[in-house]
Amino acid sequence: MTRQKIIAGNWKMNGSLSSIEKLISGLRSVAENFDSQVIVSPSHPYLSNVSQLLSGSSIKLAAQNASHETSGAFTGETSVSMLQDFAVDYVLVGHSERRALYGETDDVVAKKTAAILSGELTPILCIGETLEERQKGITVDVCNTQINTVVELVGVEAFKNIVIAYEPVWAIGTGLSATAEQAQEIHKAVRNNLAALNADIGNGVKILYGGSVKASNSADLFAMPDIDGALVGGASLDVDEFVGIIKSAG
Ligand code: PGA
């Protein structure tokens, strides 16, 4: 099965209005010339501006977080319906920084995924093991448990509308990317886990790799049969690097 590649930039808590304008103008002309779906994910205050800057382009907009609550006394939170007001298409959920720094458990991640799906936005569900878990040899179990908690709440069919991002925690922001072979092994195991529940879903689900992806290692990763693109942090803030990654995906 051919799966369209996705190259998603996760800007995290970086950027300013002027740096974002420059980034988007550099990306707009390039994104149209390649087959991959390009996505950018600014911090919430910039969603409105970025949504306008992307108007008429093929680049899609992602939010970095959403609440699983619909409205009410949740200071500092953003609901899915608020994101809908700004033409957001995707929402990152379960990023390891949110799991580690903001205490998001697998259950919370599952509830957020359900809320994002109810708002007809596409969750980019991030999974991945810590270095300690890798050294213990439990990487596949950890990743599949993270996924299965979501499956239990929303059902396997819902993965038709979910993108998975496998991001080993030890590779995020460290410059230490997983090798293409290491990543492929986990992508295949995650796909097989879903395929055992529903073959079509397993074959169709897009699984991105994230963790120190740059223009110099992206082509090797994208050559792997189960790697359907990348979730890019640091390198997505540099137009030339990000464009290099988009080009390497074809
Ligand atoms: P990185 O981050 O590319 O800077 O390692 C990836 C991510 O956290 O999504």
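A brief report on the enclosed structure follows. Because the structure is predicted, anything quoted here is derived from the model rather than measured.

**Notes on unusual backbone geometry**
Piece 1. Backbone geometry places A87, a non-glycine residue, at a positive phi of 55°.
Piece 2. With respect to the element layout, A87 can be found in the loop between helix 3 (80–84) and strand 4 (90–93).
Piece 3. A87 sits in the partly exposed class, given a relative accessible area of 46%.

**Examining the packing of helix 1 (residues 17–31) against helix 11 (residues 239–249)**
Piece 1. At a closest axis distance of 10 Å, the pairing of helix 1 and helix 11 adopts a crossing angle of 25°. Put simply, helix 1 runs roughly parallel to helix 11. The two elements helix 1 and helix 11 meet at a crossing, and its hand is right-handed. Contacts from K22, L23, G26, L27 and V30 of helix 1 reach helix 11 at V239, F242, V243 and I246.
Piece 2. Taken together, the residues of the contact of helix 1 with helix 11 break down into 7 nonpolar, 1 polar and 1 charged.

**What to know about the site of the ligand**
Piece 1. Taken together, 13 residues lie around the ligand, and K12, H95, E167, G173 and S212 are the ones closest in.
Piece 2. In this structure, H95 approaches the ligand through a side-chain N or O atom, which is 2.7 Å from an oxygen atom.
Piece 3. For the ligand, an oxygen atom lies 2.6 Å from a polar atom in the backbone of G173.
Piece 4. Expressed as a share of its isolated accessible area of 290 Å², the protein-covered part of the ligand is 95%.
Piece 5. Class assignment for the residues of the shell around the ligand results in 4 nonpolar, 7 polar and 2 charged.

**Remarks on the pattern of salt bridges**
Piece 1. Counted under the stated rule, the structure contains 9 salt bridges.
Piece 2. D226 is paired through a salt bridge with R191; the nearest N and O atoms lie 2.6 Å apart. In this pair, D226 sits in the loop between helix 10 (218–222) and strand 8 (229–232) while R191 sits in helix 8 (residues 180–197), placing the two residues 35 residues apart along the sequence.
Piece 3. A salt bridge links D228 to R191; the shortest N-O distance between them is 2.9 Å. Highlighted residues: D228 in the loop between helix 10 and strand 8 and R191 in helix 8, separated in sequence by 37 residues. For the pair formed by D228 and R191, the shared burial category is buried.
Piece 4. Linked through salt bridges whose partners overlap, the residues forming this network are R3, R191, D226 and D228.

**A word on helix 11**
Think of an α-helix as turning once every 3.6 residues; residues three or four places apart then point the same way.
Piece 1. Of all the positions in helix 11, only F242, V243, I245, I246 and A249 are classed as buried. One side of helix 11 holds all its buried residues, which, seen down the axis, span an arc of 155°.
Piece 2. Contacts made by the buried residues of helix 11 are with strand 1 (6–10), helix 1, strand 2 (37–41), helix 10 and strand 8.
Piece 3. Of the residues that open helix 11, the one with a side-chain oxygen 3.0 Å from the backbone nitrogen of D240 is D238.
Piece 4. Phi turns positive, to about 80°, at G250, one or two residues after helix 11.

**Side note on the environment of K112**
Piece 1. With respect to the helices and strands, K112 occurs in helix 5 (residues 106–118).
Piece 2. For the pair K112 and M82, spaced 30 residues apart in sequence, the C-alpha to C-alpha distance is 14 Å.
Piece 3. Contact partners of K112, with chain neighbours within four places excluded, come to N65, A66, H68, V93 and E104.
Piece 4. In terms of polar contacts, K112 uses its side chain to reach the backbone carbonyl oxygen of A66, at 3.1 Å.

The rules behind the values
Residues numbered from 1 in each chain as written. Predicted model: local features only at pLDDT ≥ 70, side-chain atom pairs only at ≥ 80, totals over all residues. Heavy atoms only, no water. Helix = DSSP H or I, 4+ residues; strand = E, 2+ residues; numbered from the N terminus. Buried < 20%, exposed > 50% of the residue type's maximum accessible area, 1.4 Å probe, protein only. Axes fitted to C-alpha atoms, helices over the stretch in contact; angles between N-to-C directions. Parallel < 35°, antiparallel > 145°, perpendicular 65-115°, else oblique. Left-handed = near helix turned anticlockwise from the far one by under 90°. Contact = heavy atoms within 4.5 Å. Nonpolar A, V, L, I, M, F, W, Y, C, P; charged D, E, K, R; others polar. Near = heavy atom within 4 Å. Polar contact = N/O pair within 3.5 Å; in protein donor to acceptor, adjacent residues only side chain to side chain. Areas by Shrake-Rupley, 256 points an atom, 1.4 Å probe, with all protein chains shown as cover. Salt bridge = Lys/Arg side-chain N within 4 Å of Asp/Glu carboxyl O. Arc of directions from axis to C-beta.

These results come straight from atomic positions and should not be treated as a statement about function.
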